[in-house]
Amino acid sequence: MTKTISEPVFTLTSGPVDAYPAVLRALSRTVWYDYDPAFQAFYEATALKAQKALKTPDVPVILQGEPVLGLEAAAASLIAADDVVLNLASGVYGKGFGYWAKRYCKELVEIEVPYNEAIDPASVEAAFAARPDIKVVAVCHHDTPSGTINPIDAIGAIVAKHGAYLLVDAVSSFGGMDVDPVASSSDIFVTGPNKCLGCPPGLTLMGVSTRAWEKMKANPLAPRASMLSILDWENAWRADQPFPFTPSVSEMYALDAALDLYLGEGPEAVWARHAATAAACRAGVKAMGLDIWAARDSIASPTTTAVKVPAGIDEPALRAAMRDRYGVTVSSGRGETLGRLIRIGQMGPTAQPMYAVIALAALGGALGALGHKVDVGAGVAAAMAAIDSGL
Ligand SMILES: *Cc1c(COP(=O)(O)O)cnc(C)c1O
């Protein structure tokens, strides 16, 4: 009987992620009254920092719930009852957005590709040729349960050319790689602090284009005076304007600290350590004779490495062995990918190349314990070689 570790030592998941120590310290601050002038000024300053990070012409909206709130609110607000929506599904989140879209639109058109693949921009162009009445296009940038990236800048250019609106789920990519609302021509760009920015779950960050504001305001069914409302928050960032309801004061402290870290380190440097960690991880996975879930390295996410579970290995048993023997927690798949892969997150504080070595060693050791021997040394050596090549 092996000794087991009762609490996780390394949380190397693809969300929620381990938070930065400075974020945790910020969470412990005194909870200010939301209408204290000091808090209102703090809220405005944080919203302006979020604007710097998102690089948007307008101040982003901060919704007071983790990003599923932002995604559902975006569907409810941007999609009008007579809209035709094109939903692009290359994974569980992309597919899932279609269920919300369907609730609000006239007709849902969908392009779905296998969940280890990415959307081909040419297929989006073809969809517009077949259906020039497409009004809103929705896409998930990094479909986290697959660890794959969609080419949203190219997709956004096509959507913009046809005068349609683009809604992007960039929850698990923003902050960990070069992606932003303007470069992707997004009208609504949903992200959150709880993935690559290294905060606990609790808020949505949302970039909204001028034309998206206009479309939402013209939509009689867009939620108002509602938890699902985006419109209610349009001016709430201003220190002299009221909040629709009490904001999550402590989560705002955490977000502010996370934005300071992100902007202070420099986005390019943050993205580089995410990419370096993922590259080391992929190199080690392959050197141990295992396979990356993504069909090609070029679409593999720099913020999550999804690894196929070898035939004959029980996925929950594999994660349990990593967790109980070595204290390493990784993520399972979800929906269609559940049981078929495990996911090693490289997000925020865990986007550090040496964490790839820890994850690989735990993965290799756990597989060995389950009777699937792999060369752990080769995996670690390949990861180290990848790390050293970048030094
Ligand atoms: C994490 C995540 C969200 C937020 O959803 P939860 O399932 O509540 O964590 C939304 N979209 C993507 C792509 C995510 O990775």
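Residues numbered from 1 in each chain as written. Predicted model: local features only at pLDDT ≥ 70, side-chain atom pairs only at ≥ 80, totals over all residues. Heavy atoms only, no water.

### Points about the site of the ligand
Our working definition: Nearness is defined per residue: one heavy atom within 4 Å of the molecule or strand is enough. Polar contacts, as used here, are pairs of N or O atoms within 3.5 Å; protein pairs need one atom able to donate a hydrogen and one able to accept it. Residues neighboring in sequence count only if both atoms are side-chain atoms. Computed by Shrake-Rupley with a 1.4 Å probe, the accessible areas treat only the displayed protein chains as cover when residues are assessed. Residue polarity follows a fixed list, in which Ala, Val, Leu, Ile, Met, Phe, Trp, Tyr, Cys and Pro are nonpolar, Asp, Glu, Lys and Arg are charged, and the others, Gly among them, are polar.
Close contacts around the ligand come from Glu66, Val68, Leu71, Tyr93, Cys140, His142, Thr144, Asp169, Val171, Ser172, Lys195 and Arg334, and that covers them all. Between the ligand and the protein, one listed contact pairs a nitrogen atom with a side-chain N or O atom of Asp169 at 2.7 Å. Contacts to the ligand include Arg334, whose side-chain N or O atom sits 2.9 Å from an oxygen atom. Burial of the ligand by the protein chains amounts to 87% of its free accessible area of 370 Å². Looking at the shell around the ligand residue by residue, the class counts come to 5 nonpolar, 3 polar and 4 charged.

### Focus: the environment of Asp153
What counts, and what does not: Helical segments are the DSSP runs of H or I of at least four residues, strand segments are the runs of E of at least two, and each set is numbered from the N terminus. Burial status follows relative accessibility: with a 1.4 Å probe on protein chains alone, a residue under 20% of its type maximum counts as buried, one over 50% as exposed, and anything between as partly exposed. Note on contacts: a residue pair is in contact if any heavy atoms of the two residues lie within 4.5 Å.
With respect to the helices and strands, the residue Asp153 is situated in helix H6 (residues 152-161). The class for Asp153 is partly exposed, based on a relative accessible area of 37%. Here the alpha-carbon distance between Asp153 and Asp180, two residues 27 residues apart in the chain, equals 9.1 Å. Excluding anything up to four places from it in sequence, Asp153 contacts Ala183 and Ser184.

### What about the pattern of salt bridges?
Which entries qualify depends on this criterion: Between Lys or Arg on one side and Asp or Glu on the other, a salt bridge is scored when a side-chain nitrogen of the former is within 4 Å of a carboxyl oxygen of the latter.
In the structure shown here, the tally under the stated rule is 17 salt bridges. One salt bridge connects Lys49 with Asp256, and the closest N-O pair in it is separated by 2.8 Å. With a gap of 207 residues between them, Lys49 in helix H2 (residues 37-54) and Asp256 in helix H8 (residues 249-265) connect regions that are remote in the sequence. By relative accessible area, Asp256 is classed as buried at 8%. Overlapping salt bridges bring together Lys49, Asp256 and Asp260 as one network.

### A word on the sheet that holds strand E14 (residues 341-345)
For clarity, the cut-off: Following DSSP output, two strands are said to pair if at least two bridges run between them.
One open sheet accounts for 3 strands, arranged E11-E14-E13; its pairing is antiparallel. Only two strands of the sheet have a single partner each, and these edge strands are strand E11 (304-308) and strand E13 (331-332). Pairing geometry for E11 and E14, over 5 bridges, is antiparallel. Pairing of Val307 across the sheet is with Ile342, part of E14.

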